Structures are given as C-alpha cells and as structure tokens.
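Here's the letter readout for the chains.
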Amino acid sequence: MTDAKDERRPAGELEAAVMATLWAIGTPLTPGQVQAELDSGLARTTVTTILSRLHEKGIVRRERQGRGYAYHPVQDGPGLTARRMHTELARDTDRETVLARFVAQLSSDDEQLLRRLLEADE
Amino acid sequence: MTVLLIVPLLLPFALRPLSRRVLDRLAPATALWALTCAAVTLAGCSLAALGAFALTGLLKLPVFAVLGELVHPLHTASDLFAVPAAALSAGALAVSTWALVRWAVRQSRAFRTAQAEAGAHPTAGDLCIVDSPRPDAYALPGRPHRIVVTTAMLRSLSAAEREALFAHERAHNHGGHHYFLAAADLAAHCHPGLRTTREAIRLATERAADESAARVVGDRKLAARAIGRAALAARHTLAERPAFTPAAAAGPVPQRVAALMTAPRAPRTASWICLLLLACTAVSAGTAATGVLAFHHDVEVAQGEER
C-alpha cells in the first residue's frame, strides 16, 4: 500500500480505519500511536485531522497528554448494547440470508481444515 | 402439451450438479450473475408450470368452468394425469406462497432490527461499531451503506486484517450482493431443487467480495488470513448455533481461504459449463412458454373463441 494511495482514499474510509484502531487497542492513543498502529503510510497530520473531526462529531473523547491529546472512543453503555445484540443474534439466525456475514458458522472439520490452511501459510 | 410442463419442474434438479462446477470454473463475479439469472429463470418457469397445472384442474370443476366462461369441456390429457397433477401443483403453490410470505416478513424484520441497531450507534465514515464480546461483522445495505463490526471482531484482527475485512464488507455493499442473496432465497423457496444453487450463490457473493478485498489490500494471503482468523475467533462464541454445512464437505470458509491462498486462476475455457447452464435455462424457458401458450390455446378453444 503506497502513501499516495492511502492519502487518496475517501475520508469516510480513513475515519473508519482510525475509529477501528481506537476500539481495537482500547486505551487512549495519541495521533502518533494511531499512525504507528495503522502502519499504512498515512501522514500524522492526516491522522490528527481525522481524530479532531471524530471529536467534533462527539464519538471520541480526548484528554491532554503532554503537548497534544490522547483519544479514546465514547462508550455507549457497553453492557446494555452487548446484551441486546446477544439476544437478537440468538433469535435471528436467518439474518445470514440477506445480510452478508463476514464468516459463516464453522463445523469441527472446517475448523481443523482452516487451522491447517493457516499454519501452512506461516 | 401438459407433459411438456413437467420439464421446467425437473430442470432445477439438473442445475444442482452444475451450480457447484460453475463456481469452480468461472470468476466469482461472473459465476454470481450466471447462477442468479439461471436460478431466477428456473424458479419462474417452475411457478408458471405449477400454475398451469393447477388452473387446468380448477377449470375441470363446474363452478370454475362457469366463471371461466367455458362453453366446451377443457381438452386435457387423461384425468388420471390431470387431476392428481392439479392437486399436487395447488399444494406445492400453497406451500411456496406460505414460505415466501414467511421469508419476506422475517427478512424485513431482521433488516429493520439491524438498521435500528446500527442507527443507535455512532458511525465513523461507513463503519458502525457495536461494543460486544461476540466477534461478528456484516454489511448493512441501505442509504447510506454501512458496515457493522463488533469490538470483539476488531480486537481479534490486526490493523491490516481489519482493512481486508472492511474492504470485503464494502464490496458486498457496492456490488449490491443483498439483491443476489434475496433472489437466491426467493428461488429456493419456489423450488426445493434450487437450494443447492442458493448455497452456491451465497458462496459466490463471499468469493466475489473476498477477491475484491484482496485487490484493495493488494495481498491475497492477508485477505485469507483475515477471513480465517475471524472465523476461528467467531467459532468459540457462536458454537451454540446450528452448523448449516454438512460435516462431510468443506464448509464455505475453508473453501474461501483455500481459494485466496492459491494464485488467481488464469481464465480457463469455461465454455462448456456456460453452454450447459445456458441450455438448462433456455430449455426451461422454452418448455414453460410453449406449455403455457398451449394451455392458453386450449382454454380459448373451450371458451369457443378459437377452434
């Protein structure tokens, strides 16, 4: 992935990538740390701009850290959301039909086959 | 003429062995179009055949003969064939209608639930993140298109693998794959012989999105790893859900990973499989059209409008 290609990506995709990083790491991150974690050739100023935009939208919070800010995602009652999601997924097994899920259910044989495939690659 | 209408009812079974091979031979996006067009045509033709059989039976009943303004008895094959065929067709149509209505209600409910769920969460770009310990990700078509990913899924992948996941879901949305999936479901509810084809269409949408993701991240093995690790992470929390793949055959996920691990296939001569698929569709459409036209003619004769 080249720098030029990443800088040309739509703003929405960059916002998504930055937001995903904040959630995946789970601790407050500075723009420099986000940039290092993404490892995709984005300029640090670009990351800073995206983080400020997310902050303006109110979906990340920030706190002073040194001369800059560290950002973390706004939690929205995690326990409540998780419980609601669980019950819905348990009920709507047929959601798989029109909503294209990333990965389908694995059988035990599938799991072993998949592990062999991934190990062979390493 | 009535015997001809049995052909569209039998052809979906012939499509079963074909549909698996189509996906092996053609590029996923091409296979997706070919299979969906074939499945929809065959489903439509089998419905037309069932309708003609059922109507033939109805017009034999005096009440409907009057309603249909028949002045002569309807000319049909022997009653030994026409009456049971009409009864079976009417039954099959009733079962299909019930299945279709139930499907439509369930799908729209699941879709609305998912929309409401995504609407309740902040979105960054097109990404909606749901804080949940269950690894899950899906494309949510609509205006605007969104991708919904749980925090557990984000945490089980590396930054590069997350990009592959996002590219995969965006490919579903941009490709309008939900229309293909809906068409496959409708077809499978019209004729049970098309269920195998529905599975092939589902796999084709995933393969098409996988290939698109591999192109976006520029690394097929990275895309393969992302799918594999996501599936293994989801495995432990989704275990209570019924497995929908028979244990004997490799399920869709290992097939997708294996396909990405190998180099992209040079386009092979796929002409014979295309020809067979096309022949299957054409025969179905041809026999259904001929049969229905002949039935229409018989009805007009019985109405005294034609001889």
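Calculation notes
- Residues numbered from 1 in each chain as written.
- Chains lettered and ligands numbered in written order.
- Predicted model: local features only at pLDDT ≥ 70, side-chain atom pairs only at ≥ 80, totals over all residues.
- Heavy atoms only, no water.
- Helix = DSSP H or I, 4+ residues; strand = E, 2+ residues; numbered from the N terminus.
- Buried < 20%, exposed > 50% of the residue type's maximum accessible area, 1.4 Å probe, protein only.
- Contact = heavy atoms within 4.5 Å.
- Areas by Shrake-Rupley, 256 points an atom, 1.4 Å probe, with all protein chains shown as cover.
- Pairing = 2+ DSSP bridges.
- Axes fitted to C-alpha atoms, helices over the stretch in contact; angles between N-to-C directions.
- Phe/Tyr/Trp six-rings, centres within 6.5 Å; stacked < 30°, edge-to-face > 60°.
- Lys NZ or Arg CZ within 6 Å of the ring centre and 35° of its normal.
- pLDDT = per-residue confidence, 0-100.
- Parallel < 35°, antiparallel > 145°, perpendicular 65-115°, else oblique.
- Left-handed = near helix turned anticlockwise from the far one by under 90°.
- Nonpolar A, V, L, I, M, F, W, Y, C, P; charged D, E, K, R; others polar.
- Disulfide = S-S within 2.5 Å.

Undergrad: Explain the overall build of chain A residue by residue, including any values.
TA: What chain A contains, in helices and strands, is six helices and two strands. Residues counted as buried form 48% of the 122 residues belonging to chain A. For chain A, long-range pairs separated by at least 24 residues make up 47% of all intrachain contacts whose partners lie at least 6 apart in sequence. On chain A, roughly 6,200 Å² of surface is accessible, and the fraction owed to carbon and sulfur atoms is 50%.

Undergrad: Tell me about the sheet that holds strand S2 (residues 127–130) of chain B, and please be specific about residues and values.
TA: With mixed pairing, the four strands of this open sheet are ordered in space as S1-S2-S4-S3 (chain B). Among the strands making up the open sheet, the edge pair consists of strand S1 (123–124) and strand S3 (137–140) of chain B. Helix H2 (residues 11–25) of chain A contacts S1 and S2 of chain B of the sheet and is inclined by roughly 15° relative to S2(B). Here helix H4 (residues 79–119) of chain B sits on the sheet in contact with S2, S3 and strand S4 (146–150) of chain B, set at roughly 100° to S3(B).

Undergrad: Summarise the packing of aromatic side chains; cite the residues concerned and give the values.
TA: Per the stated rule, a full pass over the model turns up two aromatic pairs over all chains. Summarising the aromatic geometry, the rings of Trp33(B) and Phe180(B) are spaced 4.9 Å apart at their centres and angled 85° between planes, so their arrangement reads as edge-to-face. Here Trp33(B) is found in helix H2 (residues 28–60), whereas its partner Phe180(B) is found in helix H7 (residues 177–190), with 147 residues between them in sequence. Looking at Phe180(B), the relative accessible area reads 9%, which means it is buried. Over the ring of Tyr69(A) we find Arg64(A), and its NZ or CZ is 4.6 Å from the ring centre.

Undergrad: An account of the side chain of Thr205(B) is requested, with residue identities and associated values reported.
TA: All names here are of chain B. Within the secondary structure, Thr205 is located in helix H8 (residues 195–217). Owing to a relative accessible area of 0%, Thr205 belongs among the buried residues under this scheme. Discounting chain neighbours no more than four positions away, the residues touching Thr205 are Leu32, His172, His177, Phe180 and Leu181.

Undergrad: Any chance you could break down the confidence of the model for chain A for me, citing the residues and the numbers?
TA: In this model, chain A carries an average pLDDT of 76, and 69% of its residues clear a pLDDT of 70 or more. The weakest mean pLDDT in chain A belongs to helix H5 (residues 78–91) of chain A at 51; the strongest belongs to helix H4 (residues 44–56) of chain A at 90.

Undergrad: Explain helix H10 (residues 252–261) of chain B to me, using residue names and the numbers behind them.
TA: Of all ten residues in H10(B), seven are buried, a share of seventy percent or more. All of the buried residues along H10(B) are Pro252(B), Val253(B), Pro254(B), Arg256(B), Val257(B), Leu260(B) and Met261(B).

Undergrad: Break down the packing of helix H3 (residues 31–38) of chain A against H4(A) for me, citing the residues and quoting the values.
TA: Residue and element names in this part refer to chain A. Interhelical geometry of H3 versus H4 gives an angle of 115° and a closest axis separation of 9 Å. By the criterion of interaxial angle, the relationship of H3 to H4 is roughly perpendicular. Read as a crossing pair, H3 and H4 show a hand that is right-handed. Contacts between H3 and H4 involve Pro31, Gly32, Val34 and Gln35 from the former and Arg44, Val47, Thr48 and Leu51 from the latter. The residue inventory of the contact of H3 with H4, partitioned by class, reads four nonpolar, three polar and one charged.

Undergrad: A description of the environment of Ala137(B) should follow, citing residues and the corresponding values.
TA: Residues and elements named next belong to chain B. Relative to the assigned elements, Ala137 resides in strand S3. A relative accessible area of 1% places Ala137 in the buried class. As a C-alpha pair, Ala137 and Ala152 span 15 residues in sequence and 9.8 Å in three-dimensional space.

Undergrad: Explain the packing of H2(A) against H4(A) to me, using residue names and the numbers behind them.
TA: Residues and elements named next belong to chain A. Viewed as axis vectors pointing N to C, H2 and H4 meet at an angle of 80°, and their least axial separation amounts to 10 Å. Considering the angle they form, H2 stands roughly perpendicular to H4. Contacts from Ala11, Leu14, Glu15, Val18, Met19 and Leu22 in H2 reach Thr46, Ile50, Leu51, Arg53 and Leu54 in H4. When grouped by side-chain class, the residues that make up the contact of H2 with H4 number eight nonpolar, one polar and two charged.

Undergrad: Summarise the state of the cysteines; cite the residues concerned and give the values.
TA: According to the stated counting rule, one finds zero disulfides over all chains in the structure shown. Not part of a disulfide, Cys45(B) finds its nearest cysteine sulfur in Cys280(B), a span of 10 Å.

Undergrad: Tell me about the environment of Glu199(B), and name the residues and values.
TA: Mapped onto the secondary structure, Glu199(B) falls in helix H8. Considering only alpha carbons, one finds Glu199(B) and Thr287(B), 88 residues apart in sequence, at a separation of 26 Å.

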